[in-house]
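In case you want the letters, here they are:
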Amino acid sequence: FRSLRCLCACTGIDNIAEAITLLELNNWDLVAAINGVIPQENGILQSMYGPLSHSEAADAAAGGAVPPPSSSSSSSSPPSSSASAFCPLNSSSRHIVERQPRMLNFRVEYRQRTVELVLEEGSTVGEIKQILETELGVPVSKMQLKGWKSGDVSDSTVLRSLHLPKNNSLYVLTPDIAPTASTSKNSALQESLNQNFLLVISHRETQRDYNLNFPGSRTIQEVKRNVSDLTNIPVRHQQWEGWPASASDDSMTLALSGISYPCHHLSVCRRSSPANAQEPTEECADVHMISDSEGDDYEDASEFGVDDTEMFGMGSSSCRKSPMMPENSENEADALLHFTAEFSSRYGETHPMFFIGSLEAASQEAFYGKARDRKLLAIYLHNDDSVLSNVFCSQMMCADSIVSYLSQNFITWAWDVTKEANKARLLTMCTRHFGSVVAQTIRTYKTDQFPLLLIVMGKRTSNEVLNVIQGNTTVDELMMRLMGAMEIFTAQQQEDIKDEDEREAREMVKREQDEAYRLSLEADRKKREAQEREEAEQVRLEQMRKEQEEEKEAIRLSLEQALPPEPNEESGEQISKLRIRTPSGEFLERRFLGSCKLQVLFDFVASKGYPFDEFKLLTTFPRRNITQLEPGSTLLEAKLFPQETLFLEAKE
C-alpha cells in the first residue's frame, strides 16, 4: 500500500484503479511510475529537484511536498494526516504539473531498421504511422503497427487512452510488401512473431501444469499477467524458472526472448517475502493484493480512511458469486435464462447469444432444417471451480470477433456443470441426443480443464463432435479452431445442399408426373362419365321414342277401329270420294258419306300415321286448309263432294 499511497501523493491521482494500473504497467516500480506521470524532460519536479528516488517519494507522501536537495528534514512541512495524503500538492503546483505534456518514448523496429520516437501522450496512433512513413518509406495503408499491450488499435486512438508507460517497444509488419534479400533476417523475425508458442507452465505450489498458447508477438509481461489470473500470484510476487538469459526485459516479445519453439517449459511460484505472512489467507480470483516490488511491510488501508474492500471497488460479496445456474432447475429454458443473466452480470452484455431452450430444441434448430439453414451447435460448459473460467469468459467468449463469428455460424447452447446435479443432468441429455461416447468424453475432463466448448455437427445418421476446445487457449487459437470446424461443416453442408437439391428435383419430377397422371385419370373419368351420360340419354330418348311410337300406334289403331265402315258406291246415299296425297307421294283413297263429319276425315288421316296436330290437310285449287274448318262440319258443307283431291303437309 505504501507504493500506492506514494504514487497518489506525488502525482495527485485520485482514482485508485488508475494508480494501480500505472504501477502494474511499470512492474510496480514506484520511481518509474512517478516519472512516467511527471516526465523528467518537462516535469516541474525534475527541473526543480531532480529525479525522485524511492526514499524521496516516500518522504513526499509523508510530508506533502518534495524537498529540494539543500533543504533539511527540519525545514520540510510537518506530516499531513492520512486523509490529506492523496492531495499533498497545492492547487497551483498541480496546475503547473498538469499543464506540462507527458512525453512517451517509442522504439519501433522494422526489418533491419530501428526508429526512436518521442511524442506527447495527446498524439494519436495515426501520427506515429505518418512519422514512420517518412522515416521508413512505407505507406501508411500497407503498415501494421504491432506490440500494443491492449491489442490492435485504430489510427484515431489517442495514446493517453492506452495508459502507456514512458518507454514502449513496437514493431512494423508489412505483409503486402515482399522482403528483399537484405531483409531475410527480419523476415524470419516477422515469421516468428506470427508463430504460436506453447508454454508449459508448472505451478510448483499446487503441483498443477498449464498448457498455454501465445503468439510470438505477445510480451513476457503479458504472459505473466495471464499467469497471474490463473494462479492468483500477482506479477510482482512471481518467481520464475526457465526463462532464457536473453529474456531480461519483460517488454520483450516471446519471439525475441530466446525461448524454445514450438514448446517451452517454465515454472512459477510465489516469491517468499516477510510480508506474505500478513496477506489474507483467502483471495478473490479477480483481485490482486497490492504491495510494492521492494517487499515493504503492508500498511493498513484504514490510513486512507476507507475499508480494504472499498479501496478496490468491491466488497466481500463480490468474491462469493452467485451460481451461473440454479441447481435442480425443472425447466431448462428457465435455467438458461438465469445463466444468460448471470453471464451478462459478470462479463458484460457483449457475449454470444445463448439459445434459450432444451438441448433437444437447440439440436433441432441447428441440424434439422433445410440444408442451407443448418448451423453448427456450440455447447459451452461452464465450471466456476476452474481457475480458467474467468479468463476464458472475459477474454475469449466476450471478444467481439468470437461473438460475431458464433452468432453468424453457430447455435450456441450453454450449461453450468459446477454442481454435480447439473453435471449429471447434462450427461443424461448428451447420452440421449449424442450417444454415450460424448458423455464419456465430458467425464474424462478434469475441473481445471474447464470451461469446454464442444463443436457438434449434425449428420444423416448421427451427430458428430468435431472439436472440444478447452479453457487454456487464446482468442486467435479459438478463432482458428472455430474456422476449422466451419470449413468441415461447409464442405458437408455443400454435399447436403447438393443431395437435397437433387432429391427435391426428383420429388418435383415425381410430383409433376403424379399430377399429370392424376389429370389424365380425371380426364378419362370425365370422358367416361360423359360417354355414359350420352349413352344413357340415347337409351332414354330411344325409350321415349318407342313409347311415343307405341302411343301413336295405339292411338292410330283406336282411331282406325273407331272409323265408320267405308260405304258402297251402290248405296243410294251421297258418297264423297276423296283422294289424299301424302308427303311421301303416295295416295290414300276412301269413300265417305257426304253427311260425315270432317272429324271422321281427320281420324282417317291420323289412322294412316298423320295425326291432326302434326299435319294439315289442304285442297289443291283453290288452296284451302281443311284442318282449320270446324271438325263438326260435314263433307258437303266443306264442299268436298262428290270427289276431291287433297294433300297432306307437315305443320311448321
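Here, residues in each chain are numbered from 1, in the same order as that chain's written sequence. Since the coordinates come from a predicted model, pLDDT governs what is reported: local features require at least 70, and pairs of side-chain atoms require 80 or more to be given and counted, while whole-chain, interface and lining totals use all residues. With hydrogens and water excluded, all non-hydrogen atoms of the structure serve as input to the side-chain values.

The chain goes by Fas (TNFRSF6) associated factor 1 in an unreviewed UniProt entry, where it is assigned to Amphiprion ocellaris.

All right, on to helix 13 (residues 332-347) then. Elements are defined by DSSP. Helices are runs of H or I of four residues or more, strands are runs of E of two residues or more, and each kind is numbered from the N terminus. By this rule, a helix spans an expected 1.5 Å times one less than how many residues it contains. Between its terminal C-alpha atoms helix 13 stretches 22 Å, which fits the 22 Å expected from 16 residues at 1.5 Å a residue. Burial status follows relative accessibility: with a 1.4 Å probe on protein chains alone, a residue under 20% of its type maximum counts as buried, one over 50% as exposed, and anything between as partly exposed. Buried within helix 13 we find Glu 332, Ala 335, Leu 336, Phe 339, Thr 340, Glu 342, Phe 343, Ser 344, Arg 346 and Tyr 347. Between the side-chain oxygen of the N-cap and the backbone nitrogen of Ala 333 there are 2.7 Å, and the N-cap of helix 13 in question is Asn 331. A positive phi of about 100° marks Gly 348, the residue just after helix 13. Counted as a polar contact is a pair of N or O atoms within 3.5 Å, where, for protein atoms, one must be capable of donating a hydrogen and the other of accepting one, and residues adjacent in sequence contribute only when both atoms are in side chains.

The next subject is the pattern of salt bridges. Two side chains that carry opposite charge are able to pair once their charged atoms sit near each other. Here, a salt bridge means any side-chain nitrogen of Lys or Arg that lies within 4 Å of a carboxyl oxygen of Asp or Glu. Enumeration over the complete set of coordinates arrives at 31 salt bridges. Salt-bridge contacts for Glu 560 lead to Arg 556; the nearest nitrogen and oxygen are separated by 3.1 Å. Residue Glu 560 and its partner Arg 556 are located together in helix 19 (residues 475-562), separated by four residues, close to a single helical turn. Assessed through its relative accessible area of 36%, Glu 560 is described here as partly exposed.

This paragraph deals with the environment of Asp 250. Within the secondary structure layout, Asp 250 lies in the loop between strand 7 (238-241) and helix 10 (254-257). Since its relative accessible area comes to 16%, Asp 250 is described here as buried. For Asp 250 and Val 223, which are 27 residues apart along the polypeptide, the C-alpha to C-alpha distance reads 9.2 Å. Working rule for contacts: check all heavy atoms of both residues, and any pair within 4.5 Å makes them a contact. Excluding anything up to four places from it in sequence, Asp 250 contacts Asn 27, Thr 219, Ile 220, Gln 221 and Lys 224.

Among the seven residues that make up strand 11 (residues 452-458), seven are buried, leaving the element largely enclosed by the rest of the structure. A two-sided burial pattern is seen for strand 11, the buried positions comprising Leu 452, Leu 454, Val 456 and Gly 458 on one face and Leu 453, Ile 455 and Met 457 on the other. Bridge count for strand 9 (residues 376-382) against strand 11 is five bridges, and the pairing is antiparallel. Looking at strand 11, one finds that Ala 378 is bridged to Ile 455. By this definition, two strands are paired if DSSP reports at least two bridges between them.

Moving on, we get to the sheet that holds strand 1 (residues 103-110). In space, the four strands of this open sheet follow the order 2-1-4-3, with mixed pairing throughout. Each of the sheet's edge strands pairs with one partner strand only, and the pair in question is strand 2 (113-120) and strand 3 (144-146). Averaged over all pairs of adjacent strands, the angle between strand axes in this sheet comes to 30°, irrespective of strand direction. Bridge count between strand 1 and strand 4 (residues 167-173): five bridges; the pairing is parallel. Inter-axis angles, ranging from 0 to 180 degrees, are taken between N-to-C directions of lines fitted to C-alpha atoms, where helices are fitted over the stretch in contact.

With that out of the way, let us pick up unusual backbone geometry. Glycine aside, a negative phi is what most residues show, and trans is what most peptide bonds show. Here Tyr 261 and Pro 262 are connected by a cis peptide whose omega angle stands at 10°. Among the secondary structure elements, Pro 262 is positioned in the loop between helix 10 and strand 8 (263-270). Positive phi outside glycine occurs at His 163, with the angle close to 55°. Note that His 163 resides in the loop between strand 3 and strand 4. Positive phi values are uncommon outside glycine, yet Lys 639 reaches one of about 60°. Checked against the element boundaries, Lys 639 lands in the loop between strand 15 (615-619) and strand 16 (643-650).

Bringing the sheet that holds strand 12 (residues 463-469) into the picture now. Strand order in the open sheet made by the four strands is 10-9-11-12, with mixed pairing throughout. Pairing within the sheet leaves two strands with one partner each, and these edge strands are strand 10 (410-416) and strand 12. In this sheet, neighbouring strand axes are inclined to one another by 25° on average, regardless of whether the strands run parallel or antiparallel.

Another aspect to go through is the nonpolar core. Remark: nonpolar core denotes a set of buried residues (Ala, Val, Leu, Ile, Met, Phe, Trp, Tyr, Cys) joined through side-chain atoms within 4.5 Å. Counting 58 residues, the largest nonpolar core has Phe 343, Leu 377, Trp 413, Trp 415 and Leu 482 as the members making the most contacts within it. Leave out the neighbours within four places in its chain, and Leu 482 touches Ile 402, Tyr 405, Leu 406, Phe 410, Leu 453, Ile 455 and Ile 469. Listed in part, the 21 residues of the second largest apolar core include Leu 578, Ile 580, Phe 604 and Leu 640.

Here the focus is the side chain of Ser 363. Take Ser 363: it is sitting in helix 14 (residues 359-367). A relative accessible area of 6% means that Ser 363 is categorised as buried. A polar contact is formed between the side chain of Ser 363 and the backbone oxygen of Leu 359, at a distance of 2.9 Å. Apart from residues no more than four positions distant in its own chain, Ser 363 is found in contact with Tyr 368, Leu 377 and Phe 434.

Let's shift gears to the environment of Lys 459. Within the secondary structure, Lys 459 is located in the loop between strand 11 and strand 12. Sequence spacing of Lys 459 and Gln 492 is 33 residues, and the spatial spacing of their C-alpha atoms is 8.6 Å.

If you trace the backbone, Ile 555 turns up in helix 19. Judged by its relative accessible area of 42%, Ile 555 is partly exposed. As for Ile 555 and Pro 611, which are separated by 56 residues in sequence, their C-alpha atoms are 9.3 Å apart.

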